[in-house]
Amino acid sequence: MSTDDTRPDPDETDPHSDPDEKTVDPHRAASFARLVDGLLDGAAIPPALDASDRALLETATLIQSLGQDALLEPERSKWIVDRALEEALLGTSDAHSSKLATLDLGTLEGAEAGGSNEAVPEEIEPERTDVIRLSTRRADRVLRTIPWVVASVAVAAAILLFVTRPSADEQAKQATETAGAQRIASANEVQRHPHHFSRPTDRLVGEISADAAGNASARLDAIFSNRLASFREIRYRDIKLAGSSSGKQGRVQ
Amino acid sequence: MQMPKKPQPRQPRALIVAITTIATIATIAISCSMDREDKEGAATDQSVTNLTDPGAVIGEELMVTLAQAKNFHHKADVHLIDAELTLAIASLRKILALPFPADAPEGVDVLLDARARVSKLLVTAGDLEEAMTIANDGLASNTRSSFFLANLHTVRGHVWEDVGQRADESKDVKAGREARVNAIKDFDRAIEINNAVLKRLAESK
């Protein structure tokens, strides 16, 4: 709105409520009406125009636009709404929203009447700014956290491997057990029971007295009987496993 | 109108998530390692096999050689019934050539026992030197303490005893005394080995 003190009171110049209507020149009123219609149709204000007429013209135009709904282009209205939402939700106080807050309605009207982008400041043209939606910002936040998550998982895995690493003795033990396990595995899934393994016969034979020093034959009979029982148990289980799995035949002694 | 406050940046949340993840996984890893140590300790105390010198699973090779040795012993028994000492010794010597599996403690025990019997028969046959050689070879090639090793020391002690007696008969006092000293050493060694084996068997029960 103009602050010119010399601008007459709009109520006084309103053609619909002018108390001095009978004093207005009808020719002048018709020409003024044509000017207003032309301006509303998009014509420019004639350069050679009386100052009072110019003021009246601007006032009439303003009153006319206030009486109508704001007919902005969809992109512009959307941009204005997005900016307002951004300011309200995110609290941005950049140049764009400050310009938006101080943007003159007359400027928008002039831009609408002119049908061009010239009235919109170049810095806040929608085509040149990033109209970031809330969903896009959410996606950006997720993308920003991905490196942190990957780094944390890698560090955690490194800690896990370091804590659970086998010691040197353990590795040697595992190598020994692996060799032993291979020998056991070659016996076709024999259950790991002590009496299935080759072992010293001290416990079976007992302490040998001096009188029985030469009785090797009797001791060997005991050893052979004991080991034969274990051997038969192993062989019988092999045949049972082979028969239940693939039908492979084996011999029993 | 006062502008709303700018919200706090989201960076610290990711940092908190990272720290929490690392702490959680580290805690789990440490607890797993502690459990594994407990299990290893328990496994040591409750060993399934609990074997002193565990070897391979009893197989056909071991059984075949044991059967051969058994047959040779019985053959020698038959020869001894007919007082055929030489044939009995020859039969027992064949046991010493049997190919027992290298990782079979039974084979070691059987061989030591066979040497003891051969040595005693050789003493009976009067061949003290060969008896001493058979015993010496067996004692030199075995380091594992067993009743059979102790028995072979005992047998060699008896051989020394006979050597000393023969030296006394030949009026070689010095040789006789030396032989008896060696016999006592062998008897002491046999006692020492027997005690060690008995103690080991008692501890492994």
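Check the entry above for the structure.
Residues numbered from 1 in each chain as written. Chains lettered and ligands numbered in written order. Predicted model: local features only at pLDDT ≥ 70, side-chain atom pairs only at ≥ 80, totals over all residues. Heavy atoms only, no water.

A. Fine view of the interface of chain A and chain B. Listed by partner, the interface residues are 56 residues for chain A and 65 residues for chain B. Summing both partners gives a buried area of about 5,100 Å² for chain A against chain B, and 66% of it is carried by carbon and sulfur. In this assembly, chain A and chain B are joined by 5 salt bridges. Notably, a salt bridge pairs B:Asp113 with A:Arg219, separated by 2.8 Å at the nearest N-O pair. Taken together, the links from chain A to chain B amount to 14 residue pairs in polar contact (both at pLDDT 80 or more). Contributions of two or more residues to the side of chain A that touches chain B are made by helix 4 (74–90), helix 7 (134–163), helix 8 (168–185), helix 9 (202–205) and helix 10 (216–245) of chain A. At 13 residues, the largest contribution of residues to the side of chain A that touches chain B is made by helix 10 of chain A. The class makeup of the residues in the side of chain A that touches chain B is 24 nonpolar, 16 polar and 16 charged. (Contact = heavy atoms within 4.5 Å. Buried area = accessible area lost by both parts, 1.4 Å probe. Salt bridge = Lys/Arg side-chain N within 4 Å of Asp/Glu carboxyl O. Polar contact = N/O pair within 3.5 Å; in protein donor to acceptor, adjacent residues only side chain to side chain. Helix = DSSP H or I, 4+ residues; strand = E, 2+ residues; numbered from the N terminus. Nonpolar A, V, L, I, M, F, W, Y, C, P; charged D, E, K, R; others polar.)

B. Expanded view of the nonpolar core. Of all hydrophobic cores here, the largest spans 47 residues; its most connected members are B:Met63, B:Leu66, B:Ala69, B:Ile95, B:Phe100 and B:Val110. Listed by contribution, the elements that provide at least two residues to this core are helix 10 of chain A together with helix 2 (60–81), helix 3 (85–96), helix 4 (105–125), helix 5 (128–140), helix 6 (147–169) and helix 7 (173–203) of chain B. In this view, B:Ala69 contacts A:Leu220, B:Ile95, B:Leu98, B:Phe100 and B:Val110; residues no more than four positions away in its chain are not counted. (Core = buried A, V, L, I, M, F, W, Y, C linked by side-chain atoms within 4.5 Å. Buried < 20%, exposed > 50% of the residue type's maximum accessible area, 1.4 Å probe, protein only.)

C. Focus on unusual backbone geometry. Residues other than glycine seldom take positive phi values, yet B:Ala83 does so here, at roughly 60°. With respect to the secondary-structure elements, B:Ala83 resides in the loop between helix 2 and helix 3.

D. Quick peek at helix 5 of chain B. Under the 1.5 Å per step criterion, the end-to-end length of helix 5 of chain B is 18 Å for 13 residues, consistent within 8% with the ideal 18 Å. Check the buried side of helix 5 of chain B and you find it contacts helix 3, helix 4 and helix 6 of chain B. (Expected span 1.5 Å × (residues − 1).)

E. Representation of the pattern of salt bridges within the structure. This structure, assessed with the given rule, holds 14 salt bridges over all chains. A salt bridge links A:Asp82 to A:Lys78; the nearest nitrogen and oxygen atoms lie 3.4 Å apart. Of this pair, A:Asp82 and A:Lys78 both sit in helix 4, separated by 4 residues, roughly a single helical turn. Residue classification places A:Asp82 among the partly exposed residues on the basis of a relative accessible area of 24%. A relative accessible area of 43% places A:Lys78 in the partly exposed class. Between B:Asp77 and B:Arg117 there is a salt bridge, with its nearest N and O atoms 2.3 Å apart. Of the two residues, B:Asp77 is situated in helix 2 and B:Arg117 in helix 4; the sequence distance between them amounts to 40 residues. Look at B:Arg117 and you get buried, because its relative accessible area is 7%. Each of A:Asp202, B:Asp109, B:Arg144 and B:Arg200 takes part in a single network of salt bridges with overlapping partners.

F. Here's a closer look at the side chain of A:Ser230. Relative to the elements of secondary structure, A:Ser230 occurs in helix 10. A distance of 2.7 Å separates a polar side-chain atom of A:Ser230 from the backbone oxygen of A:His195. Excluding residues that lie within four positions of it along the chain, A:Ser230 makes contacts with A:His195, A:His196 and B:Ile58.

G. Expanded view of the packing of helix 5 of chain B against helix 6 of chain B. Residues and elements named next belong to chain B. Between helix 5 and helix 6, the shortest axis-to-axis distance is 10 Å and the interhelical angle comes to 155°. Compared by their axis directions, helix 5 and helix 6 come out roughly antiparallel. Of the two possible hands of crossing, helix 5 and helix 6 adopt the one that is left-handed. Together, Leu128, Ala131, Met132, Ala135, Asn136, Gly138 and Leu139 of helix 5 and Leu149, Leu152, His153, Arg156, Val159, Trp160, Asp162, Val163 and Arg166 of helix 6 make up the contact between the two elements. Class assignment of the residues belonging to the contact of helix 5 with helix 6 gives a composition of 10 nonpolar, 3 polar and 3 charged. (Axes fitted to C-alpha atoms, helices over the stretch in contact; angles between N-to-C directions. Parallel < 35°, antiparallel > 145°, perpendicular 65-115°, else oblique. Left-handed = near helix turned anticlockwise from the far one by under 90°.)

H. Just the side chain of B:Thr154, in detail. With respect to the helices, strands and loops of the structure, B:Thr154 is situated in helix 6. The class of B:Thr154 is buried, set by a relative accessible area of 12%. Every residue in contact with B:Thr154, bar those within four places of it in the chain, is listed here: A:Ala210, B:Phe187 and B:Ala190.

I. Representation of the packing of helix 4 of chain B against helix 5 of chain B within the structure. Residue and element names in this part refer to chain B. Their axes nearest at 8 Å, the elements helix 4 and helix 5 cross at an angle of 165°. Here helix 5 runs roughly antiparallel to helix 4, going by the angle between their axes. Here the hand of the crossing between helix 4 and helix 5 comes out left-handed. For the pair helix 4 and helix 5, contact is made by Leu112, Arg115, Val118, Ser119, Leu122 and Val123 and by Leu128, Glu130, Ala131, Ile134, Ala135, Asp137 and Gly138, respectively. For the contact of helix 4 with helix 5, the residue count by class is 8 nonpolar, 2 polar and 3 charged.

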